[in-house]
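Close look at the chain arrangement
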Amino acid sequence: MRYFFVATIFSVVFAYEKDMTFTVPAGNTECFYQKVLPNEIIDVEYQVIDSTHGELDISFQLADPVGRIIVADYKKPENAHRHTSTLNGDYRFCFDNSFSTFSQKTVFFDLMVETEDSSDKDYDDDKEMEMESVAKVKDNVAAARRLQELLSAHEARDRNLAEDMCSRVMKWSLWQIAVMLLVGITQVFFVKSLFQDPSSRMRKYVPNFLSQ
């Protein structure tokens, strides 16, 4: 079990954000917990960026503090969910790789818990409006940073797929070359044997017997 320790970003939208990349061994399940208040918005996105064998997929579950399953994905490469909490407590995020016998999965996980402040405000002076504008800019910068992290995760997954494909092509090519060499040598041996005298071939293999 792991717990998130995240920083608070104070702005028009009060948000807790955490992103991480971790591995889930074959046959195992990794769970994380995050404390959420009622009416807060849980925004979660994940994707499998690497796998030692087989497909890039993982099962995912989101459960509330009393254990009720809110979201359940089975063997998906990536997905995103948004949920408004109704209970106060620790919400559970589990990544299940128990269906894999040998394949270890590398998963990128991004979590944001946010509470939107009331948008209907009466501004008494210009200073409060300026603070609101700065807060909006700060929120937009945080959103842009999160998008960049997600794009980086996509890039890492595509790079891993390309490297795995290149490795498979290289191994297959080496096997093909080995088979071609073996077939070529065998053909040369048999063609050469067609032009040899049968008695000389027998004499070559059993010279002592023929000399008697």
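Anything mentioned here points back to the structure above.
The following paragraphs examine the structure supplied in this document. (Residues numbered from 1 in each chain as written. Predicted model: local features only at pLDDT ≥ 70, side-chain atom pairs only at ≥ 80, totals over all residues. Heavy atoms only, no water.)

1. Section: the overall build of the protein chain
Counting its secondary structure elements, the protein chain contains three helices and ten strands. Along its sequence from the N terminus, the protein chain presents helices and strands in the succession β-β-β-β-β-β-β-β-β-β-α-α-α. Going through the 212 residues of the protein chain one by one, you find that 30% of them count as buried. Pairs at least 24 apart in sequence give 76% of the contacts found in the protein chain among residues at least 6 apart. Counting every atom, the protein chain has about 14200 Å² of accessible surface; 59% of that belongs to carbon and sulfur. (Helix = DSSP H or I, 4+ residues; strand = E, 2+ residues; numbered from the N terminus. Buried < 20%, exposed > 50% of the residue type's maximum accessible area, 1.4 Å probe, protein only. Contact = heavy atoms within 4.5 Å. Areas by Shrake-Rupley, 256 points an atom, 1.4 Å probe, with all protein chains shown as cover.)

2. Some points on the state of the cysteines
Considering all chains together, one arrives at one disulfide under this definition. Here C31 connects covalently by a disulfide to C94, the sulfurs 2.0 Å from one another. For the disulfide bridge between C31 and C94, the dihedral angle about the S-S bond is near 110°, and by the sign convention the bridge is right-handed. Of this pair, C31 sits in strand β4 (residues 29–36) while C94 sits in strand β9 (residues 89–96), and the two are 63 residues apart along the sequence. (Disulfide = S-S within 2.5 Å.)

3. Focus: unusual backbone geometry
Here N39, not a glycine, exhibits a phi torsion of approximately 70°, which is positive. Residue placement: N39 occurs in the loop between β4 and β5 (41–51). Phi angles above zero are rare outside glycine, and K75 is one such case at about 50°.

4. Brief notes about the pattern of salt bridges
Tallied over the entire structure, the rule returns five salt bridges. We note a salt bridge from K76 to D73, for which the minimum N-O separation is 4.0 Å. Using a relative accessible area of 8% as the deciding quantity, one classes D73 as buried. Three or more residues joined by partner-sharing salt bridges are found here, namely D43, R82 and E114. (Salt bridge = Lys/Arg side-chain N within 4 Å of Asp/Glu carboxyl O.)

5. Digging into the nonpolar core
Ranked by size, the top nonpolar core spans 20 residues in total, and within it F60, F93, F95, V107 and F109 carry the most contacts. Not counting the four nearest positions on each side in its chain, V107 is found in contact with M20, T21, F22, V24, Y46, Q47, V48, I58 and F95. (Core = buried A, V, L, I, M, F, W, Y, C linked by side-chain atoms within 4.5 Å.)

6. Remarks on the side chain of D43
Within the secondary structure, D43 is located in strand β5. Within polar-contact distance, the side chain of D43 engages the side chain of R82 at 3.2 Å. (Polar contact = N/O pair within 3.5 Å; in protein donor to acceptor, adjacent residues only side chain to side chain.)

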